[in-house]
Amino acid sequence: MPDRPGDPATLSPKVRRTYMRCLCLLLLLLLLPGSTVRAAERPNIVLVMVDDMGWSDLGCYGGEIETPHIDALAADGLRFTRFYNNAVCGATRASLLTGLWCQQTGHRGDRWNEPKDFSRCVLISEVLQASGYHTAMVGKWQGRDLAVHRGFDRFFGPNCQGKISYWNAVRANDFYLDDQPWAFPETGFFMTDAFSDHAVRFLEEATAGEKPFFLYVAYIAPHWPLHAREETIAPYRERYRSRGWRGWRNTRLERQRQMGLLPENARPAPVPESIPDWADEEYKDWQAERMAVYAAQISNVDRGVGRLLKVLDESGADENTLVLFLSDNGAARDGGLRPTSSGFGFKPGGNNSSWRKDGVAIRPGSGPDLMPGPHDTFSGYGVAWATTSNTPLRDHKQSAYEGGIRTPLIVRWPGQVKEPGSMTRQPGHVIDIMATCLDVAGARYPEEFEGRRPVPMEGKSLVPVIRGEQRSGHEVMAWKCSRGRAIQMGGWKLVRPGDGRPWELYNLAYDIGETENLAADFPDRVRLMSGKYEEWRRRVGAR
């Protein structure tokens, strides 16, 4: 007898799971007419943030690094072309988790790690936990107390207070599982994989539970040091050896224009004069190795994201889960342009064995005779590759120019993204993440929370943008970074690269690379925007 049309046995596994969930939900409604299923319908949220990744590193933002799983998120979701962070890790995390300008939480904005004033703020995790969500976090936590004391039911990662190793236990970065110290295995540890392992474990627990869930995964990769496994590095060596930083930058620009990430009239930032042509580079093998290790770090994150998406898919939770992916700041230029015998606090004749808990010394510096990647090295990939990573933007991490503060943001939310695979030029900021999560969860930002009276939330929900609507955004977005101040109003940006230097004015509608200073042409606009910046600075407590 032929299969009957619509017979569940003839459907694909994913469609069959959806069919059975709907059938079970219908039966529940019939059997319990007085009940509701609002709690079961509340969307899950998975928030993934990487560290020090450039704007164009992902395949879906024009890069050549292999990121198929993150690219798949973009193909099914929405890419933001004008989303912003706070130019450095601690300041971004302060805003991301609270929905406030970082200065309102007690963070200066120009330092990497300062405690927040919890009497003035409340975290996403705390509000969602109080609203009935199961909450979990994996990765970089920069608090002075533990994440499980700030609204997370589960936690794995370091209480990050200093530079870290991907291979070994080090001082000032003790790892915890929930509220207990976590002992490093004797062999086989690699930090990115450990983060992915625990994120998968926590996600499997969450999808098997009855509560909606919030999972925050804060990868440290691709932040220096350049550490990666040989088998992950190897596929990239010849890729970067054969073309170099300018060749790949030009390719990225071309891809960005083809994708529509850049308007046709967009002006990219020029390459700094200090960066030589690849043909003139004396140490090609070493330079290519630096970028190959960096690319391997991002590929490793992508595999972890793929594992998370697989759990969501196989559990059937994917259709009711909002996934967000972003970076905490722009690419970091640390590591220099030439070989060196010292760096990052390690030097010849120095006490290079006191950092690792096993007492193994770090070989200081980096160059052709000391390639990056192994456990006893510590280096960064330098300004030339960081400039390629940030294509087409100007400057790098900690700067108030776009290369410091603009981040990719990918959002996937099945059934809610109006045009999967599309992009938006509507601006947003990490302060909007908390507002978005609360909006999605149907939770209210509290006026009072456990005896604290948090500052009213500054962020605005991104849900209208996700659904293809025009959002009433921020009149002003402003920054106080370690290398500059800036304010944006509409498509205009005013930036001061250092105190005591004049303000510069750029029209970001076409000048994404901040190449043409229009301050002399529009003095009234400079006065207006500098006045607005001063109002913002006083209101939020920026120095």
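For clarity, every value in this text was computed on a predicted model and none was experimentally measured.

Novice: Help me understand the overall build of the chain, please; the structure alone is not making it clear to me.
Specialist: From N to C terminus, the chain includes 14 helices and 15 strands. At 24 Å, the chain has a C-alpha radius of gyration in line with the 24 Å of a compact globule built from 543 residues. Sequence-distant contacts in the chain: of pairs separated by 6 or more residues, those separated by 24 or more amount to 71%. If you sum the accessible surface of the chain, you get close to 21500 Å²; carbon and sulfur atoms cover 50% of it. In the chain, the 69 positive side-chain charges and the 67 negative ones have mean positions that sit 4 Å from each other.

Novice: Sorry if this is basic, but what is going on with helix H4 (residues 89–98) here?
Specialist: Helical geometry note: an α-helix holds 3.6 residues per turn, so side chains three or four residues apart project in the same direction. Extensive coverage of H4 is indicated by the burial of ten of its ten residues. Regarding H4, the residues found buried are Cys-89, Gly-90, Ala-91, Thr-92, Arg-93, Ala-94, Ser-95, Leu-96, Leu-97 and Thr-98. On its buried side, H4 packs onto strand S1 (44–50), helix H5 (124–130), strand S7 (213–218), strand S8 (321–327) and helix H12 (431–441).

Novice: Just to check I follow, could you spell out empty space enclosed by the protein for this structure?
Specialist: The gaps left among the atoms become clear once a water-sized probe is rolled over them. Under the defined criterion, the tally for this structure stands at five cavities of 30 Å³ or more. Volume-wise, the largest cavity comes out at about 80 Å³. If you trace the largest cavity, you find 13 residues lining it, with Gly-90, Arg-93, Lys-116, Gln-142 and Gly-143 closest to the centre. A class-by-class count of the residues in the lining of the largest cavity yields four nonpolar, five polar and four charged. In this model, the second largest cavity occupies a volume close to 60 Å³. If you go around the second largest cavity, the residues you meet are Asn-86, Ser-95, Trp-101, Cys-102, Gln-103, Gly-109, Ala-478, Trp-479, Lys-480, Cys-481 and Trp-536. In terms of residue count, strand S12 (residues 477–481) provides more of the lining of the second largest cavity than any other element does, four residues in total. Along the lines of polarity and charge, the residues of the lining of the second largest cavity split into six nonpolar, four polar and one charged.

Novice: I'm lost on the sheet that holds strand S15 (residues 504–507) in this one. Help?
Specialist: Backbone-to-backbone hydrogen bonds pair the strands of a sheet. The strands run either parallel or antiparallel. Taken together, four strands build an open sheet; the order of strands is S12-S13-S14-S15 and the sheet is antiparallel. Each end of this open sheet is capped by a strand with a single partner; those strands are S12 and S15. Across the sheet, the mean angle from the axis of one strand to that of its neighbour is 15 degrees, orientation sign disregarded. The sheet contact formed by S12 and strand S13 (residues 484–489) spans five bridges and is antiparallel. Along S13, the bridge assignment pairs Met-477 with Gln-488. Packed onto the sheet, helix H14 (residues 523–540) meets S12, S13, strand S14 (492–496) and S15 and runs at close to 110 degrees relative to S13.

Novice: I tried to follow the pairing of S1 on my own but got confused; where do I start?
Specialist: Each regular strand shows side chains that alternate between the opposite faces of the sheet. Across the seven residues of S1, seven count as buried, placing the element largely inside the fold. Here S1 shows no split at all, with Asn-44, Val-46, Val-48 and Val-50 on one side and Ile-45, Leu-47 and Met-49 on the other all buried. Of the strand pairs in this sheet, S1 and S8 are connected by seven bridges, and their pairing is parallel. Opposite Val-48, over in S8, you have Phe-325 as the bridge partner.

Novice: It is not clear to me how the packing of aromatic side chains should be interpreted in this structure. Could you clarify?
Specialist: The geometry of an aromatic ring pair is captured by two quantities: the separation of the ring centres and the angle between the planes. Under the counting rule described, the total for this entry stands at 36 aromatic pairs. Judged by centre distance (5.4 Å) and plane angle (50 degrees), the rings of Phe-346 and Phe-378 are tilted. Highlighted residues: Phe-346 in the loop between S8 and helix H10 (382–389) and Phe-378 in the loop between S8 and H10, separated in sequence by 32 residues. Like Phe-346, the residue Phe-378 is buried in the burial classification. Linked through ring pairs, Phe-156, Phe-175, Trp-182, Phe-184, Phe-189, Phe-195 and Tyr-219 together constitute an aromatic cluster. We note Arg-243 situated over the ring of Trp-248; from NZ or CZ to the ring centre the distance is 4.4 Å.

Novice: Help me understand the confidence of the model for the chain in this model?
Specialist: Detailed conclusions should not be drawn from predicted coordinates in areas where pLDDT is low. Per-residue confidence for the chain averages 93 on the pLDDT scale, and 93% of its residues sit at or above 70. The model gives residues 1–40 a pLDDT under 50, and that stretch makes 20 contacts with residues more than four places away or in other chains.

Novice: Whenever I open this one, unusual backbone geometry confuses me. Can you help?
Specialist: The step from Trp-224 to Pro-225 runs through a cis peptide bond, and the omega angle for that step is 15 degrees. Residue placement: Pro-225 occurs in the loop between S7 and helix H7 (230–233). The omega torsion of the bond from Thr-391 to Pro-392 falls at 5 degrees, within 30 degrees of zero and hence cis. Position of Pro-392 relative to the elements: it lies in the loop between H10 and helix H11 (402–405). Phi is positive for Phe-344, close to 60 degrees, though the residue is something other than glycine.

Novice: Whenever I open this one, the pattern of salt bridges confuses me. Can you help?
Specialist: On inspection of all chains with the given rule, the structure shows 38 salt bridges. One salt bridge connects Asp-178 with Arg-154, and the closest N-O pair in it is separated by 2.8 Å. Remark: Arg-154 occurs in strand S4 (residues 154–158) and Asp-178 occurs in the loop between strand S5 (175–177) and strand S6 (180–181); sequence separation between them is 24 residues. With respect to burial, Asp-178 and Arg-154 carry one shared label: buried. When salt bridges with common partners are traced through the structure, they connect Glu-126, Asp-145, Arg-150, Glu-450 and Arg-452 into a single cluster.

Novice: Explain H10 to me, please; I cannot follow it from the model alone.
Specialist: Taken across its eight residues, H10 has eight buried, putting it largely inside the fold. Looking at H10, one finds that the buried residues are Gly-382, Val-383, Ala-384, Trp-385, Ala-386, Thr-387, Thr-388 and Ser-389. Looking at the buried positions of H10, the neighbouring elements they touch are helix H8 (237–259) and helix H9 (284–315).

Novice: Before we go on, may I ask you to explain the packing of H8 against H10 in this structure?
Specialist: Packed helix pairs are specified by the crossing angle of their axes together with the interaxial distance, meaning the distance between the axes. Between H8 and H10, the least distance of the axes is 8 Å, while the angle of their chain directions is 40 degrees. For the element pair H8 / H10, the angle class is oblique. For the element pair H8 and H10, the recorded crossing hand is left-handed. On the side of H8, the interface is formed by Tyr-240, Gly-244, Trp-245, Trp-248, Arg-249 and Arg-252, while H10 contributes Ala-384, Trp-385, Thr-387, Thr-388 and Ser-389. Tallied by class, the residues present in the contact of H8 with H10 amount to five nonpolar, four polar and two charged.

How each quantity is defined
Residues numbered from 1 in each chain as written. Predicted model: local features only at pLDDT ≥ 70, side-chain atom pairs only at ≥ 80, totals over all residues. Heavy atoms only, no water. Helix = DSSP H or I, 4+ residues; strand = E, 2+ residues; numbered from the N terminus. Rg over C-alpha atoms; globule rule 2.2 N^0.38 Å. Contact = heavy atoms within 4.5 Å. Areas by Shrake-Rupley, 256 points an atom, 1.4 Å probe, with all protein chains shown as cover. Lys, Arg positive; Asp, Glu negative; His and termini not counted. Charge placed at Lys NZ, Arg CZ, Asp CG, Glu CD. Buried < 20%, exposed > 50% of the residue type's maximum accessible area, 1.4 Å probe, protein only. 1 Å grid on protein atoms, 1.4 Å probe; cavity = no way out; pocket = protein on both sides within 12 Å on 5 of 7 lines; lining within 4 Å. Points joined across faces, edges and corners; volume = space filled by probe spheres on them. Nonpolar A, V, L, I, M, F, W, Y, C, P; charged D, E, K, R; others polar. Pairing = 2+ DSSP bridges. Axes fitted to C-alpha atoms, helices over the stretch in contact; angles between N-to-C directions. Phe/Tyr/Trp six-rings, centres within 6.5 Å; stacked < 30°, edge-to-face > 60°. Lys NZ or Arg CZ within 6 Å of the ring centre and 35° of its normal. pLDDT = per-residue confidence, 0-100. Salt bridge = Lys/Arg side-chain N within 4 Å of Asp/Glu carboxyl O. Parallel < 35°, antiparallel > 145°, perpendicular 65-115°, else oblique. Left-handed = near helix turned anticlockwise from the far one by under 90°.

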